[in-house]
Amino acid sequence: MKEKLKVNIKGAVQGVGFRPFIYGLARSLNLTGYVLNSTTGVTIEVEGNKQILDQFIMRIENEKPTHAVIHSMEFSFLDFEGFENFSIRQSQTENEISAVILPDIAVCGQCLEELYNPSDRRYLYPFINCTHCGPRYSLIESLPYDRPNTSMKKFEMCPDCREEYEDPANRRFHAQPIACPVCGPQIRLWNETGSTLSVGTEALDQTLEYLSSGHIIAVKGLGGFHLMVDAVNQEAVERLRFKKHREEKPFAVMFPDLSAVRSVCAVSEFDARLLQSSESPIVLLKKLLDSGETAVAPCTSVAPGNPYLGVMLPYTPLHHLLLSRFDKPLVATSGNLSEEPMCIDEADVLKRLAGIADLFLIHDRPIVRPIDDSIVRVMEGRELILRRARGYAPLPILIDNPEYELNPQSMSLAVGAHLKNTIAVQKGKNVFLSQHIGDLSTQESVNSFENIISDIQRMYQISPQKVMSDLHPDYISTTLAREWYGNPIPVQHHEAHIASCRAENQVTGKALGVAWDGTGYGHDGTIWGGEFFISEEGFSTHYAQMRQFLLVGGDQAIKDPRKSALGVLFEMYGEAVFENNKLEPLHFSSGEIKIFRKMLKNRLNCFVTSSAGRLFDAIAALIGVCQKINYEGQAAMMLEFVADHAEMDAYSFEILEAKPLRIDWSAVIHTIIEDLGSQVSASRIAMKFHRGLSRLILLLAQKSSIEKVILSGGCFQNAILLEYTIQLLRDNGFRPYWHQRVPPNDGGIALGQISLGLHAGRKGSSQQLLSNVEKINL
């Protein structure tokens, strides 16, 4: 007896060839019915014998397309209806929107074969794609994911493309960005005024000529413009640095292929898999000390003083066409001024990149939203995302915790932090974390922040019942949330770090949370950053804190590590620090010393901080590794890079009884000063400091007697600190948790805000959190 089976599938099942897969599977089993896209995912009705229908259900999960992610599959058996065949029906629009939008996907191997096949009609066409690859998130305007709802709607398909698009057996069946040289987007090379110099293949030829002669080219890609220049040409790279106002921060480099990367960097099997993955992120790789005479290595100005390179491989057909012919690495840095969002529009790029780019390689496929390149680093054998954007956003994080008591209509918004901003929206059990927005320090970044909030709320029809922001009252994100939504739920910065890691790793029960970073507004109105918490579901107790010290000049001290060192020494010695040449290693002028002495004595424009990040800065300055920074985190990075891995000794921190426990670093500073006097190398001191921090975490884990330990915050981007801490904790019977697919830095804060905000109003943390805020405001 035949029955009808109805299946509703939710997840990342649009734009991945899911309907053709279902069509082929049903036909192979001689089943009848239909499949269609909806705003909630994919709906299937299929008829046949019960035994075959059971087999059909099992094979969906086991044989689904590579990029498909099934979050839920609900099915029920209904009365037989009598379908005559199996078909793919037109998409349906429903009131509920819950379908998952897929990220942009790197060009696949089959498309690359066609790209270089002279007999293929898409030979050398820069926009070749299929259902397995190409743009998704950068071109979708609304759900369901169909061509009329994308920026490709302006390109009318030619008869050949239309035939492929409508053929269920074709690899391009319902590939929404489908195009060819006859009907699709085209590239053009513009001069600095926007006049067209060449089109199509000729534009590519000219671009390569200009790159070879050291010119800076703004190249429009998937999610925005790159600024590209010959990475081997020292003069050209330095010219780009000067024009972009980027003194030392490393540039990302795009290599022609994996063998070219291996000739310059150490590449593990995991690294290679990441570089060649559909996400195709920037991967941080260690430079080889001796790359050999035949290697074509980037010049020193690409990453000055840095033993690592940010490496990626071509991920669009246009990139492949450029790199395969240029046959050398190219700098591929975001098309913007420092700390601004990427340019995505041709008219805008002429204004914003005027005076930086010499020429512009553009195309006429509109980019709906800016999406930067993701950055990852392999640590402890796992992928650790440092910047979550192309290839990863906006895939959701599932929060399947019964304590949240969520329903499909539950919606909330978190506006994130100030630096490395991302926002997040929660709908039901899904949290959609936005692509990297950046530092909200320019009007362009704030505009992008506003646009992305509006965009993601519209896309998923979010009317937030709760809005969460950082506790800091003056963050732009907090200020705008108050302006738009009234009274957002304030979430303390470091508690959000811990909650983010908890949510990502689905940690349950009690855990010791370690949140170390550069800055975050504390419940007492001081700047925190060296914190330990007893963390439970939606509730944190402040367990321990680094000894506080004064930062001279407030936020400006972040740019001068010597000021962190001065604050640490003043906390230890008081005004005596200004006597007997104690500050000689910091190379302050007599005028600076006079001013700083007065500021510290009278606490003028001095911030109180417990920041572990600033402690890294202080050590880097004291031992002469880095006394001036040109980009965020530079001093801590230099301290990591110089550390001697052969050094097994560690400095000892003292834990003082208090509420919260106070971690005294003064003995560490005393010993470092003694080591400097004994001519102990900066490399050995740096490693002893790292090992001492890891042992401190172990000591507090032992003191708390809590098995689970959560590690979050920007300091845990440091491979030595993270990996040695994990090793120590495991060796001593503890279970460490750290970030993987969500950044440990402030790019992950919004997820933590959502997680804690969902508990607001419940018994416990939110009441305590709000009462703490009221005390500050009073």
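Whatever comes next refers back to the structure up there.
Run through the packing of helix α19 (residues 682-704) against helix α20 (residues 719-731), naming residues and quoting values.
In contact at an axis separation of 9 Å, α19 and α20 are set at 40 degrees when each is read in the N-to-C sense. Put simply, α19 runs oblique to α20. Regarding α19 and α20, the two cross each other, and that crossing is right-handed. Along its contact with α19, which presents Met687, His690, Arg691, Leu693, Ser694, Arg695, Ile697, Leu698 and Ala701, the element α20 presents Ile720, Leu721, Tyr724, Thr725, Leu728 and Leu729. Considered class by class, the residues forming the contact of α19 with α20 number 10 nonpolar, 3 polar and 2 charged.

Provide a residue-level description of the pattern of salt bridges, including the pertinent values.
In this structure the tally under the stated criterion is 36 salt bridges. Note that aspartate 373 and arginine 390 form a salt bridge whose closest N and O atoms lie 3.0 Å from each other. A residue pair is termed long-range when its members are at least 10 positions apart, and aspartate 373 in the loop between β14 (359-363) and β15 (375-379) and arginine 390 in the loop between β16 (382-387) and β17 (396-398) qualify at 17 residues. Here aspartate 373 and arginine 390 have matching classes, each one buried. What you see here is one network of salt bridges that share partners, running through Lys4, Lys6, Glu45 and Glu81.

Which residues make up the packing of aromatic side chains, and what values go with them?
One pass over the structure, following the stated rule, counts 16 aromatic pairs. When the centroid spacing of 5.9 Å and the interplanar angle of 85 degrees are considered together, the rings of tryptophan 516 and phenylalanine 532 count as edge-to-face. In this pair, tryptophan 516 sits in strand β23 (residues 511-521) while phenylalanine 532 sits in strand β24 (residues 527-536), placing the two residues 16 residues apart along the sequence. According to the relative accessible area criterion, tryptophan 516 is buried, its value standing at 0%. Residue phenylalanine 532 is classed as buried on the basis of its relative accessible area of 0%. Pairwise contacts between aromatic rings join Phe449, Trp484 and Tyr485 into one cluster. The side chain of arginine 89 reaches across the aromatic face of tyrosine 34, ending 3.8 Å from its centre. Its end group placed over the ring of tryptophan 738, arginine 382 keeps NZ or CZ at 4.0 Å from the ring centre.

Quick one: what's the story with the sheet that holds strand β1 (residues 2-12), residue by residue and with numbers?
If you trace the 5 strands from one edge of the open sheet to the other, you get β4-β1-β3-β2-β5, paired in mixed fashion. The strands lining the two open edges of the sheet, one partner per strand, are β4 (69-78) and β5 (86-88). Along the sheet, successive strands turn relative to each other by an average axial angle of 15 degrees, direction set aside. Packed onto the sheet, helix α1 (residues 18-28) meets β1, β2 (32-38), β3 (41-49), β4 and β5 and runs at close to 175 degrees relative to β5. Its contacts with the sheet put helix α2 (residues 50-63) on β1, β3 and β4, and the angle it makes with β3 is roughly 150 degrees.

Talk me through the nonpolar core; I want residue IDs and the actual numbers.
Grouped together as the largest cluster of nonpolar side chains are 176 residues, with contacts concentrated most on Phe18, Ile44, Phe56, Ile60, Trp516, Phe532 and Phe689. Ranked by the residues each element gives to this core, the list is headed by α19, at 10 residues. Not counting residues up to four positions away in its chain, the partners in contact with phenylalanine 689 are Leu615, Phe616, Ile619, Leu639, Tyr651, Phe653 and Val668.

Outline α20, supporting the account with residue identities and numerical values.
Helix length check: α20 (13 residues) gives 18 Å between terminal C-alpha atoms against 18 Å at 1.5 Å per residue, within 8%. All of the buried residues in α20 are Ala719, Ile720, Leu721, Leu722, Tyr724, Thr725, Ile726, Leu728 and Leu729. Structurally, the start of α20 carries an N-cap: the backbone nitrogen of isoleucine 720 is 3.0 Å from a side-chain oxygen of asparagine 718. The positive-phi residue at the C-terminal boundary of α20 is glycine 733, with phi of around 85 degrees.

Definitions and limits used
- Each chain has its residues counted from 1, following the order in which its sequence is written.
- In view of the model being predicted, local features appear only for residues whose pLDDT reaches at least 70, and side-chain atom pairs are presented and counted only at 80 or more, with totals across whole chains, interfaces and linings using the full set of residues.
- Calculation of side-chain values draws on the structure's entire complement of heavy atoms; hydrogens and water are dropped beforehand.
- As a rule, the C-alpha atoms of each element are fitted with a line to give its axis, helices using only the stretch in contact, and angles between N-to-C directions run from 0 to 180 degrees.
- Under the DSSP-based scheme used, a helix requires at least four consecutive residues in state H or I and a strand at least two consecutive residues in state E, with every element numbered from the N terminus.
- Should an angle lie under 35 degrees it is considered roughly parallel, over 145 roughly antiparallel, and from 65 to 115 roughly perpendicular; all remaining angles are considered oblique.
- Put simply, a crossing is left-handed when the front helix is turned counterclockwise from the back one by less than a right angle, and right-handed when it is turned clockwise.
- Contacts were defined at the residue level, with two residues in contact if any of their heavy atoms lie within 4.5 Å.
- Charged means Asp, Glu, Lys or Arg here, nonpolar means Ala, Val, Leu, Ile, Met, Phe, Trp, Tyr, Cys or Pro, and polar covers whatever is left, Gly included.
- The term salt bridge refers to a side-chain nitrogen of Lys or Arg lying within 4 Å of a carboxyl oxygen of Asp or Glu.
- Remark: exposure states derive from per-residue accessible area (1.4 Å probe, protein chains only) relative to the maximum for the residue type, with buried under 20%, exposed over 50%, and partly exposed in between.
- Only the six-membered ring of Trp is used, alongside the rings of Phe and Tyr, when aromatic pairs are assigned; centres must lie within 6.5 Å, and planes under 30 degrees apart are stacked while those over 60 apart are edge-to-face, with the rest tilted.
- Placement of a charge over a ring requires the Lys NZ or Arg CZ to be within 6 Å of the ring centre, with the centre-to-atom vector within 35 degrees of the ring normal.
- Here a strand pair is declared whenever DSSP counts at least two bridges between the two strands.
- The term nonpolar core refers to a set of buried residues drawn from Ala, Val, Leu, Ile, Met, Phe, Trp, Tyr and Cys, joined through side-chain atoms within 4.5 Å.
- The span one expects for a helix is its residue count, reduced by one, times 1.5 Å.
- Think of a polar contact as two N or O atoms within 3.5 Å of one another; within protein, one of them needs to be a possible hydrogen donor and the other a possible acceptor, and neighboring residues in sequence only count if both atoms come from side chains.

Interpretation note: all reported values are geometric properties and have no functional meaning in isolation.
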